[in-house]
Amino acid sequence: MNGQQEFFEALLDPEQPPPAGLTTWNGSDPAARFAVYRNNMVVSLIDALADTYPVTQELVGEELFRAMSRLFVSAEPPRSRVLAFYGESFPAFIEHFPPAASVPYLADVARLEILRVRAYHASDADELPTDAIAQALADADGLPKLLIGFHPSVGIVRSQYAVVSLWAAHQGVADISTVDPYAPENVLVIRPHLDVEVIRLNAGASDFVAHLLQGASLGSAAELASLAHADFDLAGILGLLIRAHAISSMKTSRRTHP
Amino acid sequence: MTAPISTVPQCCGAPACAQETNLPPRAGVGLKPEHFRQIVETWPDLGFFEVHAENYMVDGGPFHHYLTRIRERYPLSIHGVGLSIGGETPLDPAHLDKLASLIERYAPQSFSEHLAWASHGEVFLNDLLPVPYNAQTLQRVCDHIDQVQAHLKRRMLLENPATYVEFAASSMAETEFIGEVLRRTGCGLLLDVNNVYVSCINHNRDLHATIRALPLRAVGEIHLAGFAREHDADGDPLLIDSHGSPVAQAVWRLYEYALDRVGPVATLIERDNDIPPFDVLFAEAWHAEHLLRAADRKMRAQEIGA
């Protein structure tokens, strides 16, 4: 046998014959036995994707999901020994997978699902005590320059589709027949302690949070959100972030100081 | 169970090796997220828990929360599936570092890995792949184990594999190969009795002779699991190490045969697929616990008689 390279190539490509130099005690064709390894690898990785993307699987059915996953596994086998985040590029793969084109919201639902996994395993952090938040917000002069540090589990998905409603319908907390998948929705994901929470945001609020996540100060994020969304409600979203335990730190931007 | 008598040599070949393998000679189960809450609510009477190292290489969240709480009350075995000790490509130094941090954080009583390869170049294959047993593989495996033991500053256990094919390039028996690896590196043996059973059926080897030919004095832990039954191209049985069903009767019998020769050693019920309710695993663990106690009584009787 030409070492593990040949074994490896045959493992990833079902069209190839098994590597040379395999033997069996009864002289049976080693191809059938080699197929066990091929199958173990592919099936375990498809199962890993199914664990991360259960709603995605429900939306297209197990058969299409597993066929799509099989192609993904051979195109993008894991590069990390830590499988918790395997398939982070699966949403992008789905987006360009023609058989799934009739389900245009599928990729965004998948984005929400991987974000939940990210949040689940993210670093732990304490929230900023409410009195410290109140104190920072009470300083009218400093307010525009405030930089908000989020809990490490915080992430958002902004979608042209009803990602939250579709996801919620598959958790048994909403009725799928009432969901219009083509209504744009935005979502904040956070795991303040042990449970991952999925919180709906309106367009202005999600715009604001997106700017903050990119490092904008509170003043400039609020300004940008107000310009784009006439109904932007600063007090509303700040209240929501506090109630969600999303704020880990607040400090004044040095860049805006003269 | 009192006064465990360890048959594990308390030394190792790696120069800076200070840690000992000292899981209690009791039964344990693999820790599954599905069972986290029940375990911390009921604190079941078990000898230890085992986790897969790679599952806990995440920054925070429930996995670390529950493992920390559980570690406060139970001995722990950390079992790696990603080092690729049998691999032709070098060990991944970043992965070794992550392993060292995890071991430092949880101070497990045992660390173990497989006689197999699981990655090639950059790609992780998520399966335990077989190696030919010859001088070349022996050198590579020993070099890798030396590197692991030196990096982790502790002795590791090496698990015997379940395999589906053999290699024309093999020049020695699996048992002889494992014996030589242990002799050269000072690592211990994780005796997977299910793997012995699966490989013996798959390659038409003698079950009892295989157990006897393994370096039993160095067994630091035993694994028990379930297999799936298939057939090869000639219709002969081909058993798959699936970890998806209860331990088979034949494997329990082989376990008793091994216990008679090894004495009571920490024994894990492994289940990685089709995870049943915790109580099902607990009952299997207690079956092992009774056999361990019987083995302990038998060994004491022999000592008194001697």
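> For this particular structure, what's the right way to read the overall build of chain A?
The number of helices and strands found in chain A is 11 helices and 6 strands. Each of the three principal axes of chain A carries a C-alpha extent, and together these read 85 × 45 × 30 Å. A buried classification covers 40% of the 258 residues belonging to chain A. Counting contacts in chain A only where the partners sit at least 6 residues apart, residues at least 24 apart contribute 64% of the total.

> Even after reading the chapter, I still don't get the overall build of chain B, so can you show me in this structure?
On a plain count of helices and strands, chain B comes out with 9 helices and 13 strands. Taken over C-alpha atoms, the radius of gyration comes to 18 Å for chain B, in line with the 19 Å a tight globule of 306 residues would show. Projected onto the principal axes, the alpha-carbon positions of chain B cover approximately 50 × 50 × 40 Å. By the burial criterion, 49% of the 306 residues in chain B qualify as buried. At a minimum sequence separation of 6, the contacts of chain B that also span at least 24 residues come to 79%.

> How should I be thinking about the domain arrangement of chain A in this particular structure?
Much of the literature gives interface size as the accessible area that the parts lose upon coming together. Segmentation of chain A into domains returns domain 1 (1–103) and domain 2 (123–258). For domain 1 of chain A versus domain 2 of chain A, the separation of C-alpha centres amounts to 37 Å.

> Is there a simple way to think about the sheet that holds strand β3 (residues 76–79) of chain B in this case?
Sheet strands line up and pair through hydrogen bonds in the backbone, either parallel or antiparallel. All names here are of chain B. Pairing in this closed barrel of 8 strands is parallel, and the strands run β1-β2-β3-β4-β7-β9-β10-β13 around the ring. Direction aside, the axes of adjacent strands within the sheet are offset by 30° on average. Pairing analysis gives 3 bridges linking β3 to strand β4 (residues 110–114), with the strands arranged parallel. Residue I78 lies in a different strand from β4, and its bridge partner there is F111.

> Which parts of the structure should I look at to understand the interface of chain B and chain A?
Facing 37 residues of chain B, the contacting portion of chain A comprises 39 residues. Secondary structure elements with two or more residues in the side of chain B that touches chain A: α2 (62–71), β5 (117–120), β6 (123–129), β8 (166–167) and β12 (237–240) of chain B. Broken down by element, the residue count for the side of chain B that touches chain A peaks at 6 residues, all from β6(B). Across the side of chain B that touches chain A, the residue classes break down as 17 nonpolar, 11 polar and 9 charged. Relative to β8(B), strand β1 (residues 22–23) of chain A is paired through 2 bridges, and the arrangement is antiparallel. When the bridges of β8(B) are listed, A:T23 appears paired with B:E166.

> Before we go on, may I ask you to explain the nonpolar core in this structure?
Where a protein is soluble and globular, its nonpolar side chains tend to be buried together. A:V163, B:L189, B:V193 and B:L224 are the most contacted members of the largest nonpolar core, which totals 148 residues. With 10 residues, the single largest contributor to this core is helix α6 (residues 106–121) of chain A. Counting only domains with at least three residues in this core, you end up with domain 1 (1–103) and domain 2 (123–258) of chain A. If we skip the residues at most four places from it in the chain, B:V193 touches B:I222, B:H223, B:L224, B:V251, B:L254, B:Y255 and B:A258.

> Looking at this structure, how should I read the sheet that holds strand β4 (residues 185–190) of chain A?
Residues and elements named next belong to chain A. Here 3 strands make up an open sheet; going across it, the order is β3-β4-β5 and the pairing antiparallel. Of all the strands in the sheet, the pair left with one neighbour each is β3 (155–159) and β5 (197–201). Neighbour-to-neighbour, the strand axes of the sheet open up by a mean angle of 25°, direction not taken into account. In this structure, β4 lies alongside β5, joined through 5 bridges in antiparallel fashion. Looking at the pairing, V189 lines up with V198 of β5. Across the sheet, helix α9 (residues 203–213) lies against β3, β4 and β5, angled at about 135° from β3, the strand it touches most.

> For this particular structure, what's the right way to read the confidence of the model for chain B?
For any part of a model where pLDDT is low, the fine detail of the predicted coordinates should not be relied upon. All names here are of chain B. Residues of chain B with pLDDT of at least 70 account for 93%, and the chain-wide mean is 93. Across residues 1–19 the pLDDT falls below 50, and counting only partners more than four positions away or on other chains, this stretch makes 43 contacts in the model. Here the complex is predicted with pTM 0.93, and the ipTM for its interfaces comes to 0.94.

Thresholds applied
- Residues numbered from 1 in each chain as written.
- Chains lettered and ligands numbered in written order.
- Predicted model: local features only at pLDDT ≥ 70, side-chain atom pairs only at ≥ 80, totals over all residues.
- Helix = DSSP H or I, 4+ residues; strand = E, 2+ residues; numbered from the N terminus.
- Buried ≥ 20, exposed ≤ 12 C-beta atoms within 10 Å, placed from the backbone.
- Contact = placed C-beta atoms within 7 Å.
- Rg over C-alpha atoms; globule rule 2.2 N^0.38 Å.
- Domains from an automatic or database assignment.
- Pairing = 2+ DSSP bridges.
- Axes fitted to C-alpha atoms, helices over the stretch in contact; angles between N-to-C directions.
- Nonpolar A, V, L, I, M, F, W, Y, C, P; charged D, E, K, R; others polar.
- Core = buried A, V, L, I, M, F, W, Y, C linked by C-beta atoms within 7 Å.
- pLDDT = per-residue confidence, 0-100.

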